[in-house]
Amino acid sequence: MSGAGEDRVSDGLDVPDSDSGLWVSRVDYIAGWRVARGSADRLNRALLAVGFELSDVRAVASTNEEGRGVVRVAGWPDAVERLAVLLETLADSQGGRT
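This paragraph deals with the side chain of R58. You can see R58 is positioned in strand β1 (residues 57–63). A polar atom in the side chain of R58 sits 3.3 Å from the backbone oxygen of L54.

Structural data, given as structure tokens:
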């Protein structure tokens, strides 16, 4: 995924502890990360499509200790609040609960 937010050094939206921990031999972390990366890329494209900047909020691919893919949403609080409002509005329009 390219675009705003790809420069992890300067935008400050690193996810602490997402890459920390011990690696266990014979656990395929790469396969889990690839699955997570595909989902994170799809969510990032959706965020861009509704007007978010990836430097403000984005999906980040990672794995857990068993090698299972994990997608985390990292963002500045104001952008996450905007995302929450968008999702709540969508849920309300479809008769869902918030």
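After presenting the structure, the write-up continues.
With that settled, the discussion passes to the confidence of the model for the chain. Per-residue pLDDT for the chain has a mean of 83; in total, 73% of the residues score no lower than 70. Across residues 1–10, where pLDDT falls below 50, the model places 18 contacts with residues more than four positions away in sequence or in other chains.

Moving on, we get to a nonpolar patch on the surface. Nonpolar side chains collect at one region of the surface, where L43, V71 and V73 lie side by side and expose about 210 Å² of accessible area between them. Note on placement: V73 falls in strand β2 (residues 69–75).

Let's shift gears to the environment of W76. If you trace the backbone, W76 turns up in the loop between β2 and α3 (77–93). Note on W76: relative accessible area 36%, which makes it partly exposed. The sequence separation of W76 and R58 amounts to 18 residues, and the corresponding C-alpha distance is 9.6 Å. For W76, the side chain forms a polar contact with the main-chain oxygen of S55, separated by 3.2 Å.

So, on to the environment of D56. Mapped onto the elements, D56 comes out in the loop between α2 (29–49) and β1. Its relative accessible area of 27% is what places D56 among the partly exposed residues. Each C-alpha atom, one on D56 and one on A79, is 6.0 Å from the other, the two residues being 23 residues apart in sequence.

The first and last C-alpha atoms of α2 sit 30 Å apart over 21 residues, in line with the 30 Å expected at 1.5 Å per residue. Buried residues of α2: Y29, G32, A36, A40, D41, N44 and L47, and no others. Where α2 begins, the capping side chain belongs to D28, and its oxygen is found 3.4 Å from the backbone nitrogen of I30. One or two positions beyond α2, positive phi appears at G51, with a value near 100°.

This brings us to the pairing of β2. Regular strands have side chains that alternate between both faces of the sheet. Strand direction decides the pairing type here: β1 and β2, joined by seven bridges, are antiparallel. In the strand pairing of β2, A61 is matched with V71. Hairpin connection between β1 and β2: a loop of five residues separates the two successive antiparallel strands, and G67 in this loop has a positive phi of roughly 90°.

Cut-offs and rules
Residues numbered from 1 in each chain as written. Predicted model: local features only at pLDDT ≥ 70, side-chain atom pairs only at ≥ 80, totals over all residues. Heavy atoms only, no water. Helix = DSSP H or I, 4+ residues; strand = E, 2+ residues; numbered from the N terminus. Polar contact = N/O pair within 3.5 Å; in protein donor to acceptor, adjacent residues only side chain to side chain. pLDDT = per-residue confidence, 0-100. Contact = heavy atoms within 4.5 Å. Patch = residues over 30% accessible without salt bridge, like charges linked within 9 Å, V, L, I, M, F, W, Y side chains within 5 Å. Areas by Shrake-Rupley, 256 points an atom, 1.4 Å probe, with all protein chains shown as cover. Salt bridge = Lys/Arg side-chain N within 4 Å of Asp/Glu carboxyl O. Buried < 20%, exposed > 50% of the residue type's maximum accessible area, 1.4 Å probe, protein only. Expected span 1.5 Å × (residues − 1). Pairing = 2+ DSSP bridges.

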